[in-house]
Amino acid sequence: MTDALVEVRNLTKYFYEQDSLLDRLLGDEPVAVKAVDGLSFDITRGETLGLVGESGCGKSTTGETLLRLQNPTGGETRFDGQNIYEMDSAELTAFRRNASIVFQDPFSSLDPRMTIGATVKQPLEVHDWPPETDDDRPKEELRTERVEELLERVGLSGDQFDRYPHEFSGGQRQRIGIARALALDPEFVVLDEPTSALDVSVQAQILNLLDELQDEFGLTYLLISHDLSVIRHICDRVAVMYLGEIVEIGPSEALFSSPQHPYTEALLESVPRVNTDEREREIETLSGGVPSPRNPPSGCRFRTRCPVIIPPASVGVSQRVYRDIMTIRDRIRDQEIDIKGAKEFAGTDDTDAIVDRIMERALDVDLQGTHEQRVREALAFVVEGQWEDGEAQLSEYESVCETVPPQLQDERDHRSACHLREQPPEVEAAVEDAGVSVSTRADD
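Note that the coordinates shown come from a computational prediction; the quantities given were computed from them, not determined experimentally.

J.: Quick one: what's the story with the overall build of the protein, residue by residue and with numbers?
T.: When you go through the protein residue by residue, the secondary structure sums to 17 helices and 11 strands. Each of the three principal axes of the protein carries a C-alpha extent, and together these read 90 × 55 × 40 Å. Within the span of the protein, comprising 444 residues, buried residues form 48% of the whole. Excluding contacts between residues fewer than 6 apart, the proportion of contacts in the protein whose partners are at least 24 apart in sequence is 64%. Accessible surface, the protein: about 22,000 Å² in total, of which carbon and sulfur atoms supply 45%. Averaging the locations of the 45 positively and 87 negatively charged side chains of the protein gives two centres separated by 2 Å.

What follows is the structure, encoded as structure tokens:
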């Protein structure tokens, strides 16, 4: 394997709300939206790394921060061994020539007032291309020739130099964006959902073009997408992102054939298939919605939706029952149970009646025995406004998944951040302290 062109270490990017001058005068504390929270990965020369995940997980922010289109909150990104966040003006200018981006929307990423020739030529003018050469022709002539060559290489015509973006289809506009990204012959290109705004019939053409250009110009790609079929078609390796973190990374075929994280499994199960092997396909949808990056869950961020969360060794209940109890615990902890609404619906101030109403609305299964009693006692505290006592009543149900953040394993081609898999030594020690035996987890 070749050496790494891009090295990302503990990259974070937070956006802050309630951070205006007025908010400060009013004494409001800034609220961090953790769009990217501690990413570490490498991209080797000549490869395509796919970054996949649900909308809003931080994929595009990651790509923009790698190119220093946004400044990071923390961490570092090295390009060819140099930290781009410590570059001076001259070094940053040189970096801009070696790294570029193809944006998601070909309709809004092109200036409608500029011809496509002027659009593709603009990077050449900004960076005073070409450098000193033996060619005595004027630079403007050399630039025009370069643009015409690029347009023809991406499947357009040099004769279209003076036409405007509105005269082209979506697929043609994306080809123009690709030509612009290649104008300065970069080494590294971020492809931010390059086919998501295109018709299905055009997507394959664009992907094949990108593949050909990579071979021809020796490019290194970071391909950002939520479309797993696109990722599988073009990527050498894939990183799966959830709520600002990478939960799995590995070779494309290995990840698609043998996913190691429950979130990756859920993503793959969501892909439509033609061949069902003559069996009815059973798809278990994820419970709940994606938590807010303003207040992500403790421990494993996927635990609020995970179908295989690890219960304490002392709790003998099914996964479905345990999930319901966990949901109650989380809602008590976050004080998200509507006590007033439950009282109004019950039509009484009787605690037992109010608890009955809450359990009816909040649980998908009927609890029995000691588990039902403990949940009822916890909710009784909540009805009386004693939220902390209610949460403490269910403390024995605390999972290692909510107390110990999993990490990606070291020195492996295929890694996942999940307690169902072997973890780094410091995480393993915390898992053992929580009473979870490695032998009870999935095979690695």
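Now that the structure has been shown, the text picks up again.
J.: Got a sec to walk through the state of the cysteines? Specific residues and values, please.
T.: For the structure shown, the criterion picks out zero disulfides. Cys401 carries a free sulfur, and the closest cysteine sulfur to it, the one in Cys300, is 6.1 Å from it. Look at Cys401 and you get buried, because its relative accessible area is 8%.

J.: Before we move on, could you go through the sheet that holds strand S2 (residues 31-44) and cite the residues and values that matter?
T.: Pairing is antiparallel in the open sheet, where four strands are placed in the order S2-S1-S4-S5. In this open sheet, the two strands that pair with only one neighbour each are S2 and strand S5 (82-83). Across two bridges, strand S4 (residues 74-79) lies against S5 in antiparallel orientation. Bridge assignment links Phe79 to a residue of S5, and that residue is Gln82.

J.: Tell me about helix H7 (residues 200-217), and name the residues and values.
T.: The end-to-end C-alpha distance of H7, which contains 18 residues, comes to 26 Å, matching closely the 26 Å that a straight helix rising 1.5 Å per residue would cover. Listed as buried for H7 are Val202, Gln203, Ile206, Leu207, Leu209, Leu210, Leu213 and Gln214. Along H7, the residues classed as buried sweep out an arc of 160° about the axis, all on the same side. H7 presents Ser201 and Asp215 as exposed residues on the side facing more than 90 degrees away from its buried surface.

J.: I'd like a rundown of the sheet that holds strand S6 (residues 99-102), residues and numbers included.
T.: Within a sheet, neighbouring strands are paired by backbone hydrogen bonds and run either parallel or antiparallel to one another. Taken in spatial order, the seven strands line up as S6-S7-S8-S3-S9-S10-S11 in an open sheet, and their pairing is mixed. Strands at the two margins of the open sheet, each flanked by one partner only, are S6 and strand S11 (415-416). Note: S6 against strand S7 (residues 188-192), four bridges, orientation parallel. Among the inter-strand pairings, Ala99 is bridged to a residue of S7, identified as Phe188. Where helix H3 (residues 89-98) meets the sheet, its contacts fall on S6 and S7, and the angle it forms with S6 comes to roughly 50°.

J.: Can you lay out the pattern of salt bridges for me, pointing to particular residues and giving the numbers?
T.: A complete count under the given rule lists 29 salt bridges for this structure. The closest approach of N and O atoms between Asp330 and Arg333, which form a salt bridge, is 3.0 Å. Taken together, the positions of Asp330 and Arg333, both in helix H11 (residues 319-333) and three residues apart, correspond to about one turn of that helix. By relative accessible area, Asp330 is classed as buried at 10%. A salt bridge links Asp334 to Arg333, with the shortest nitrogen-to-oxygen separation between them at 3.1 Å. By relative accessible area, Asp334 is classed as partly exposed at 32%. Shared partners join several salt bridges into a network, and the residues in it are Asp3, Arg45, Asp80 and Glu187.

J.: How would you sum up the pairing of strand S1 (residues 4-17)? Please name residues and give values.
T.: Here is the key point about a regular strand: its side chains alternate between the two faces of the sheet. One ladder, built from 11 bridges, connects S1 with S2; its direction is antiparallel. Within S2, the position partnered with Val8 by the bridge is Phe41. Two strands pair when backbone bridges link them, and S1 and S4 are joined in this way by five bridges, in the antiparallel orientation. If you follow Thr12 over to S4, its bridge partner there is Gly74.

J.: Break down the packing of aromatic side chains for me, with residues and values.
T.: Counted under the stated rule, the structure contains six aromatic pairs. Ring geometry for Tyr14 versus Tyr16: centroids 6.4 Å apart, planes at 70°, classification edge-to-face. Looking at Tyr14, the relative accessible area reads 18%, which means it is buried. With a centroid separation of 6.5 Å and an interplanar angle of 40°, the aromatic rings of Phe79 and Phe188 are classed as tilted. With Phe79 in strand S4 and Phe188 in strand S7, this pair connects stretches of sequence that are 109 residues apart. Residue classification places Phe79 among the buried positions, given a relative accessible area of 7%. Judged by its relative accessible area of 1%, Phe188 is buried.

Reading the values: the criteria
- Residues numbered from 1 in each chain as written.
- Predicted model: local features only at pLDDT ≥ 70, side-chain atom pairs only at ≥ 80, totals over all residues.
- Heavy atoms only, no water.
- Helix = DSSP H or I, 4+ residues; strand = E, 2+ residues; numbered from the N terminus.
- Buried < 20%, exposed > 50% of the residue type's maximum accessible area, 1.4 Å probe, protein only.
- Contact = heavy atoms within 4.5 Å.
- Areas by Shrake-Rupley, 256 points an atom, 1.4 Å probe, with all protein chains shown as cover.
- Lys, Arg positive; Asp, Glu negative; His and termini not counted.
- Charge placed at Lys NZ, Arg CZ, Asp CG, Glu CD.
- Disulfide = S-S within 2.5 Å.
- Pairing = 2+ DSSP bridges.
- Expected span 1.5 Å × (residues − 1).
- Arc of directions from axis to C-beta.
- Axes fitted to C-alpha atoms, helices over the stretch in contact; angles between N-to-C directions.
- Salt bridge = Lys/Arg side-chain N within 4 Å of Asp/Glu carboxyl O.
- Phe/Tyr/Trp six-rings, centres within 6.5 Å; stacked < 30°, edge-to-face > 60°.

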